[in-house]
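Letter by letter, the chains look like this.
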Amino acid sequence: MCILLGKLVFTGVVFMPTLALHFSIAFLGKNIPPKTHIHLKIAYFLTFVFLILVWVSDKFISGVYDYSWGYFVRGGVLHKVHVVFVVVTAVFAIYLLGKGMVNENRQRGKTRTYYETKYMFLAFLFVTLAAIDFLPNMGIDIFPPGFIFVTIFVYSTRDVGD
């Protein structure tokens, strides 16, 4: 049962980095480097590959850890590849937001758009701390506190662009 629930959870988790990247690109509008949309298409392709692998392979979720605080799925070799994908995608999204912030400052100064981009950049930096939730998948016995970072991220970005 735990493995089935883990697969259901990872059905959503595999989309998070790509959707965050897509949001960053949409948020920046035309203020993105050339070929960024190609990177987004590659990210979506890899996301769907990971989604399929979650359900058809035991290399993504390879078992269950029984920690003192509860059960947690054991990440297999493909899970580790996914973690690398998450980190690379997050760094790229943060890079795009940082570059967008710098470009806005150079072109128009410290406008409302500059500050909105700055706050998104800082929020994305902060929410990447939620990746700490991958540690229990790798056998490190810590309670996964990532929901705290995600909650603060969602709360902090609710008014940007209004």
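Residues numbered from 1 in each chain as written. Predicted model: local features only at pLDDT ≥ 70, side-chain atom pairs only at ≥ 80, totals over all residues. Heavy atoms only, no water.

## Topic: the overall build of the protein
Piece 1. For the protein, the count of helices and strands is six helices and two strands.
Piece 2. Along the longest, intermediate and shortest principal axes, the C-alpha atoms of the protein span 55 × 30 × 25 Å.
Piece 3. A burial count over the protein gives 39% of its 162 residues as buried.
Piece 4. Carbon together with sulfur atoms contributes 71% to the accessible area of the protein, which is approximately 9,300 Å² in total. (Helix = DSSP H or I, 4+ residues; strand = E, 2+ residues; numbered from the N terminus. Buried < 20%, exposed > 50% of the residue type's maximum accessible area, 1.4 Å probe, protein only. Areas by Shrake-Rupley, 256 points an atom, 1.4 Å probe, with all protein chains shown as cover.)

## Quick word on the side chain of Thr36
Piece 1. Here Thr36 shows up in helix 3 (residues 36-56).
Piece 2. Judged by its relative accessible area of 2%, Thr36 falls in the buried class.
Piece 3. Contact partners of Thr36, with chain neighbours within four places excluded, come to Ile25, Phe92 and Leu96. (Contact = heavy atoms within 4.5 Å.)

## Looking at the packing of helix 4 (residues 77-108) against helix 5 (residues 112-127)
Piece 1. Here helix 4 crosses helix 5 at 160 degrees, and the two axes come no closer than 9 Å. Considering their axes alone, helix 4 and helix 5 lie roughly antiparallel with respect to each other. Where helix 4 crosses over helix 5, the handedness of that crossing is left-handed. The residues of helix 5 that touch helix 4, namely those facing Ala93, Ile94, Leu97, Gly98, Gly100, Met101, Glu104 and Asn105, are Thr113, Tyr114, Thr117, Lys118, Met120, Phe121, Phe124 and Leu125. (Axes fitted to C-alpha atoms, helices over the stretch in contact; angles between N-to-C directions. Parallel < 35°, antiparallel > 145°, perpendicular 65-115°, else oblique. Left-handed = near helix turned anticlockwise from the far one by under 90°.)

## Observations regarding the pairing of strand 2 (residues 70-75)
Piece 1. Bridge analysis of strand 1 (residues 61-67) against strand 2 gives six bridges, and the strand direction is antiparallel. From the neighbouring strand, Gly63 faces strand 2, where its bridge partner is Arg74.
Piece 2. Counting the residues that bridge the hairpin from strand 1 to strand 2 gives two residues. (Pairing = 2+ DSSP bridges.)

## As for the pattern of salt bridges
Piece 1. Inspection of the entire model under this criterion finds two salt bridges.
Piece 2. Here Arg108 ties to Glu104 by a salt bridge, and the two come within 3.3 Å at their closest N and O atoms. With Arg108 and Glu104 both in helix 4 and four residues apart, the pair spans about one turn of that helix.
Piece 3. Residue classification places Glu104 among the buried residues on the basis of a relative accessible area of 3%.
Piece 4. Here Glu116 ties to Arg112 by a salt bridge, and the two come within 2.7 Å at their closest N and O atoms. Highlighted residues: Glu116 and Arg112, both in helix 5, separated by four residues, approximately one helical turn.
Piece 5. Judged by relative accessible area, which is 16%, Glu116 ranks as buried. (Salt bridge = Lys/Arg side-chain N within 4 Å of Asp/Glu carboxyl O.)

## Observations regarding a nonpolar patch on the surface
Piece 1. The grouping of Met1, Leu4, Leu5, Leu8, Ile52, Trp55 and Val56 at the surface amounts to a nonpolar patch, some 760 Å² of accessible area in total.
Piece 2. At the level of secondary structure, the elements contributing two or more residues to the nonpolar patch comprise helix 1 (2-13) and helix 3.
Piece 3. Relative to the helices and strands, Leu5 resides in helix 1. (Patch = residues over 30% accessible without salt bridge, like charges linked within 9 Å, V, L, I, M, F, W, Y side chains within 5 Å.)

## Side note on the nonpolar core
Piece 1. Within the largest apolar cluster, 32 residues are counted, with the highest numbers of intra-cluster contacts made by Phe10, Val14, Leu21, Phe60 and Phe124.
Piece 2. For this core, the secondary structure elements donating two or more residues are helix 1, helix 2 (16-28), helix 3, helix 4 and helix 5.
Piece 3. The residues contacting Leu21, other than those within four sequence positions of it, are Leu40, Ala43, Thr89, Phe92, Ala93 and Leu96. (Core = buried A, V, L, I, M, F, W, Y, C linked by side-chain atoms within 4.5 Å.)

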